[in-house]
Amino acid sequence: MRIDLTPYRRSTIGFDRLFDLLEANSRANSAENYPPFNLERLADDRYRITLAVAGFARDEIEITAQQNMLLVTGKKDDKATAPNFLHVGIANRSFERRFELADFVFVEDARLNDGLLVIDLVREVPEAMKPKTIAIKTGQPLAAVEHQADEAQAA
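Residues numbered from 1 in each chain as written. Predicted model: local features only at pLDDT ≥ 70, side-chain atom pairs only at ≥ 80, totals over all residues. Heavy atoms only, no water.

**Student:** Which parts of the structure should I look at to understand the confidence of the model for the protein?
**Tutor:** A low pLDDT score tells you not to read the predicted coordinates there in detail. Per-residue confidence for the protein gives a mean pLDDT of 84; residues scoring 70 or more make up 88%. Per-element confidence in the protein is highest for strand E2 (residues 46–52), whose mean pLDDT is 97, and lowest for helix H3 (residues 142–154), whose mean pLDDT is 73. (pLDDT = per-residue confidence, 0-100. Helix = DSSP H or I, 4+ residues; strand = E, 2+ residues; numbered from the N terminus.)

Written out as structure tokens, the structure is:
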């Protein structure tokens, strides 16, 4: 299923990244879905990704956090499969899973336990970016006061 966002692109400004993410996501949905994962919202600014990585050791998994991107890769040696298996039902292949992160979302912790890789994320908005309340004063605007002072000096 492909989403056509052209009408929205024509009438909006500054949402290009969002539209690109939506289009990339619709393309990725048809891609392979291994390993399976869960996404959880733990609180307003806390998230958790849980990946089912049965059969992978800690040193076979790598987590890379870049700007707005979290990349989880698992590398298995294909030659390590023992020839004595009559049936191999546990997926044991290498993988690469990408997660797009919003601005100011960072990896807080990552743990591997019982075949589940749990990655905790937190959103930390810098103080300068947080909303602030502006005090309302009475009197003339500051620019008008400065303008009157300039006129007085010129006279």
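More follows now that the structure is in view.
**Student:** Help me out: how do you make sense of the packing of aromatic side chains in this one?
**Tutor:** Counted under the stated rule, the structure contains three aromatic pairs. Judged by centre distance (6.0 Å) and plane angle (85 degrees), the ring pair of Tyr34 and Phe95 falls under edge-to-face. Separated by 61 residues along the polypeptide, Tyr34 in the loop between helix H2 (16–28) and strand E1 (37–43) and Phe95 in strand E5 (residues 95–100) bring together distant segments of the chain. A relative accessible area of 8% means that Phe95 is categorised as buried. Here the aromatic rings of Phe56 and Phe95 are separated by 5.2 Å at their centres, their planes lie at 80 degrees, and the arrangement is edge-to-face. Residue Phe56 is located in the loop between E2 and strand E3 (61–66), and its partner Phe95 is located in strand E5; the two are separated by 39 residues in the primary sequence. Owing to a relative accessible area of 7%, Phe56 belongs among the buried residues under this scheme. Taken together, the ring pairs connect Tyr34, Phe56 and Phe95 into an aromatic cluster. Cation over ring: Lys76 sits above Phe56, and NZ or CZ is 5.3 Å from the ring centre. (Phe/Tyr/Trp six-rings, centres within 6.5 Å; stacked < 30°, edge-to-face > 60°. Buried < 20%, exposed > 50% of the residue type's maximum accessible area, 1.4 Å probe, protein only. Lys NZ or Arg CZ within 6 Å of the ring centre and 35° of its normal.)

**Student:** Is there a simple way to think about unusual backbone geometry in this case?
**Tutor:** In terms of backbone geometry, most residues other than glycine have negative phi values and most peptide bonds are trans. Cis geometry is found at the peptide bond from Tyr34 to Pro35, where omega equals -5 degrees. Examined against the element boundaries, Pro35 turns out to sit in the loop between H2 and E1. Positive phi, normally seen in glycine, also occurs at Asn68, with a value near 60 degrees. Examined against the element boundaries, Asn68 turns out to sit in the loop between E3 and strand E4 (69–74). Judged by relative accessible area, Asn68 falls into the buried class, the value being 14%. The phi dihedral of Asp114 falls on the positive side, at around 55 degrees, and the residue is not glycine. With respect to the helices and strands, Asp114 occurs in the loop between strand E6 (105–113) and strand E7 (116–123).

**Student:** How should I be thinking about the sheet that holds E3 in this particular structure?
**Tutor:** Note on sheets: strands pair through backbone hydrogen bonds, and any given pair is parallel or antiparallel. Spatially, E3-E4-E5 is the arrangement adopted by the three strands of the open sheet, whose pairing is antiparallel. Looking at the sheet topology across the chains shown, the edges are occupied by E3 and E5. Direction aside, the axes of adjacent strands within the sheet are offset by 15 degrees on average. Two strands pair when backbone bridges link them, and E4 and E5 are joined in this way by six bridges, in the antiparallel orientation. By the bridge assignment, Met69 is partnered in E5 with Glu100. (Pairing = 2+ DSSP bridges. Axes fitted to C-alpha atoms, helices over the stretch in contact; angles between N-to-C directions.)

**Student:** I would appreciate a short explanation of a nonpolar patch on the surface in the present structure.
**Tutor:** Together, Phe15, Leu18 and Leu22 line one region of the surface with nonpolar side chains, adding up to about 260 Å² of accessible area. Within the element layout of this structure, Phe15 appears in the loop between helix H1 (6–11) and H2. Look at Phe15 and you get partly exposed, because its relative accessible area is 42%. (Patch = residues over 30% accessible without salt bridge, like charges linked within 9 Å, V, L, I, M, F, W, Y side chains within 5 Å. Areas by Shrake-Rupley, 256 points an atom, 1.4 Å probe, with all protein chains shown as cover. Salt bridge = Lys/Arg side-chain N within 4 Å of Asp/Glu carboxyl O.)

**Student:** Teacher, can you tell me more about the pattern of salt bridges here?
**Tutor:** Where charged atoms from two side chains of opposite charge come close, those side chains can pair. By the definition in use, this model includes seven salt bridges. The closest approach of N and O atoms between Arg123 and Asp45, which form a salt bridge, is 3.5 Å. Here Arg123, found in strand E7, pairs with Asp45, found in the loop between E1 and E2; they are 78 residues apart in sequence, far enough to count as distant. Judged by relative accessible area, which is 27%, Arg123 ranks as partly exposed.

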